[in-house]
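Summary of the model geometry
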Amino acid sequence: MTTHVKRAFKYRFYPDDVQAAELSRTFGCVRKVYNLALQARTTAWYQRQERVNYNATSAMLTEWKKTGELAYLTEVSSVPLQQCLRHLQGAFTSFFEGRAQYPRFKSRKKSRRSAEYTSSAFRYRDGRLTLAKMREPLDIVWSRPLPEGAQPSTVTVSQDAAGRWFVSLLCDDTITPAPATTAAVGIDAGITSLVTLSTGEKVTNPKHERRDRARLAKAQRELSRKEKGSNNRAKARVKVAKVHARITGRRRDFLHQLTTRLVRENQTVVIEDLTVRSMVKNHTLARAISDAAWRDLRMMLEYKCAWYGRELVVVDRWFPSSKLCGTCGTIRGKLPLNVREWTCDCGTVHDRDVNAARNILAAGLAVSACGDGVRPQRESSRTGRSSVKQEPQRATAGIPRL
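The structure displayed is predicted, hence computed values, not measured ones. (Residues numbered from 1 in each chain as written. Predicted model: local features only at pLDDT ≥ 70, side-chain atom pairs only at ≥ 80, totals over all residues. Heavy atoms only, no water.)

1. Describing the overall build of the chain
Condition: The numbering of helices and of strands both runs from the N terminus, where a helix is a DSSP run of H or I of at least 4 residues and a strand a run of E of at least 2. Contacts are assigned to residue pairs with any non-hydrogen atoms lying within 4.5 Å of each other. For accessible areas, the Shrake-Rupley method is used with a probe of radius 1.4 Å. Any residue's cover is judged against the shown protein chains and nothing else. Only four residue types enter the tally: Lys and Arg on the positive side, Asp and Glu on the negative side, with His and both chain ends excluded. To locate a charge, take NZ of a lysine, CZ of an arginine, CG of an aspartate or CD of a glutamate.
The number of helices and strands found in the chain is 10 helices and 14 strands. Of the contacts made within the chain by residues no fewer than 6 positions apart, 72% connect residues no fewer than 24 positions apart. Accessible surface for the chain amounts to roughly 22,900 Å². Of this, 49% is attributable to carbon and sulfur atoms. Charged side chains in the chain number 71 positive and 38 negative. The centres of these two groups are separated by 6 Å.

Here you go:
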């Protein structure tokens, strides 16, 4: 049974001077329209208690183009401008539903430079992509082919902080589920070992940020010495961004290889519900946790399991995976982070991470047997409990033995 999904294929491209100027102008217009619409919606609500929707902002855009101050908005394709208004509408919808914070204004220096084109604003034929307001197709490096017969529905052009240009094509794709297997694996995320599997295997953390820390520090020192607003400072900023891009690229490549292997080899994958946002508040471990990219690891496992017909089970963050003896079910009172091996009262010697992974697997299989799927448990901040995973300090009566 195949799965039909919307899938984005991202490629790098090299625009000529004319294309780069047109895209840069489009990015600026998109940012300007987004900020104007956000300001209009905010003012209407706080001053007149009125809600402004997408249709109203679209009408405003038409009037803005007629003014002498904003007449330059007519020089770029209208489609990316309309799309940014739709994105703003989506941001407000997420805010009103409690899934996101109030939309923020786009900054010229910090915000992502991007523009989205729908099918009416680009032409894709025989592997050549031409955007609206451009005569020549983009010089794209086709690192992998698009699905056979695929026709992009939307195209997003972006430029990162390192000055690299990317184009993302959203296409319909058909994914064939992986062959069924009976294998299951529990995963315990860590810092020394990126993940420890219930099979006893430990995947060493590559620590990509640490490998380039000296190079990054040198680039940041050079940036700090440059005069603000100067061309030399802009060049130094790009050097820093290139180091960050190198670190991010290697990290994502490693995580893709790891998650693909785990999904192919196992029918059921069990992980913990870790709240990385709260864990990085620990300034001693924040840098190492960010470099481990546990959030990206979970995100990749989620969509790859959905694609290839696997089951992903998420265990409650309050489950005492490290302190629980997988042999007798006893929960140890205290287990500091520097203790990597401990002996239970029943005489069993446990490797902390392997024991945790096996307990996670047992708990996940119990959850799966009850018919539940992914079970992220999110504690409300009103309870007063920390959202970081906690483990009880003493054994609790009535805990079932795993």
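2. Details of the pairing of strand β6 (residues 154-159)
Formally: Using a 1.4 Å probe on the protein chains alone, a residue whose accessible area is under 20% of its type maximum counts as buried, one over 50% counts as exposed, and one in between counts as partly exposed. What makes two strands pair is DSSP finding at least two bridges between them.
Among the six residues that make up β6, six are buried, leaving the element largely enclosed by the rest of the structure. The sheet contact formed by strand β2 (residues 113-118) and β6 spans six bridges and is antiparallel. Within the sheet, the bridge partner assigned to alanine 115 lies in β6 and is valine 157. Between β6 and strand β7 (residues 165-175), which pair antiparallel one after the other, the connecting turn spans five residues, and glycine 163 there sits at a positive phi close to 85°.

3. Describing the UniProt feature "domain: Transposase putative helix-turn-helix" (unreviewed entry) in the chain
Note the threshold: UniProt positions are given in the numbering used here, feature names are shortened, and annotations may be inferred rather than shown by experiment.
Under the present numbering, the feature "domain: Transposase putative helix-turn-helix" (unreviewed entry) in UniProt falls on residues 1-49. Note that residues 1-49 is 65% helix and 22% strand, and that its end C-alpha atoms are spaced 51 Å apart.

4. A few points about the packing of aromatic side chains
Filter applied, for reference: Planes of paired rings set the category: under 30 degrees apart is stacked, over 60 is edge-to-face and the rest tilted, where pairs are Phe, Tyr or Trp rings (Trp by its six-membered ring) whose centres lie within 6.5 Å. Whether a charge lies above a ring is judged from NZ of Lys or CZ of Arg, which has to be within 6 Å of the ring centre and within 35 degrees of the ring normal.
In total, this model carries 10 aromatic pairs according to the counting rule given. Consider the rings of phenylalanine 27 and tryptophan 165, whose centres lie 5.9 Å apart with planes at 25°: the pair is stacked. Residue phenylalanine 27 is found in helix α1 (residues 17-48), and its partner tryptophan 165 is found in strand β7; the two are separated by 138 residues along the sequence. Of the two residues examined, phenylalanine 27 and tryptophan 165, each falls in the buried class. Ring geometry for phenylalanine 92 versus tyrosine 102: centroids 5.4 Å apart, planes at 90°, classification edge-to-face. A residue pair is termed long-range when its members are at least 10 positions apart, and phenylalanine 92 in helix α3 (residues 78-96) and tyrosine 102 in the loop between α3 and β2 qualify at 10 residues. Phenylalanine 92 gets classed as buried once you look at its relative accessible area, which sits at 4%. Taken together, the aromatic side chains of Phe92, Phe95, Phe96 and Tyr102 make up a single cluster linked through ring pairs. The side chain of arginine 51 reaches across the aromatic face of tryptophan 45, ending 5.7 Å from its centre.

5. Topic: the environment of methionine 300
Position of methionine 300 relative to the elements: it lies in helix α9 (residues 294-307). Relative accessible area serves as the criterion here: at 0%, methionine 300 is assigned to the buried category. C-alpha of methionine 300 to C-alpha of leucine 324: the two residues are 24 residues apart in sequence and 28 Å apart in space. Setting aside chain neighbours within four positions, we find methionine 300 in contact with Arg252, Leu255, His256 and Thr259.

6. A few points about the packing of helix α5 (residues 213-224) against helix α6 (residues 231-265)
Cut-off, in case you're wondering: Axis lines are fitted through C-alpha atoms, for helices just across the contact stretch, and the angle between N-to-C directions can take any value from 0 to 180 degrees. Our angle categories are set so that under 35 degrees counts as roughly parallel, over 145 as roughly antiparallel, 65 to 115 as roughly perpendicular, and the remainder as oblique. We call a crossing left-handed when the near helix sits turned anticlockwise from the far one by less than a right angle, and right-handed when that turn is clockwise. Think of it as three bins: nonpolar holds Ala, Val, Leu, Ile, Met, Phe, Trp, Tyr, Cys and Pro, charged holds Asp, Glu, Lys and Arg, and polar takes everything else, Gly as well.
Between α5 and α6, the shortest axis-to-axis distance is 9 Å and the interhelical angle comes to 160°. Between α5 and α6, the interaxial angle falls into the category roughly antiparallel. The hand of the α5/α6 crossing is left-handed. Contacts between α5 and α6 pair Arg215, Leu216, Ala219, Gln220, Glu222 and Leu223 from the former with Arg233, Ala236, Arg237, Lys239, Val240, Val243, His244 and Arg246 from the latter. Of the residues contributing to the contact of α5 with α6, the split by class is six nonpolar, two polar and six charged.

7. Some words on the sheet that holds strand β10 (residues 202-204)
Here we have five strands laid out as an open sheet, ordered β10-β9-β8-β11-β12, and mixed in their pairing. The sheet terminates laterally at β10 and β12 (311-315), the two strands that pair on one side only. Strand-to-strand twist in this sheet, taken as the mean axis angle between neighbours without regard to direction, amounts to 20°. Relative to the sheet, α6 contacts β8 (184-189), β9 (193-197), β10 and β11 (268-272), its axis offset from that of β9 by approximately 0°. This element, helix α10 (residues 352-369), spans β8, β9, β10, β11 and β12 of the sheet and lies at about 130° to β8.

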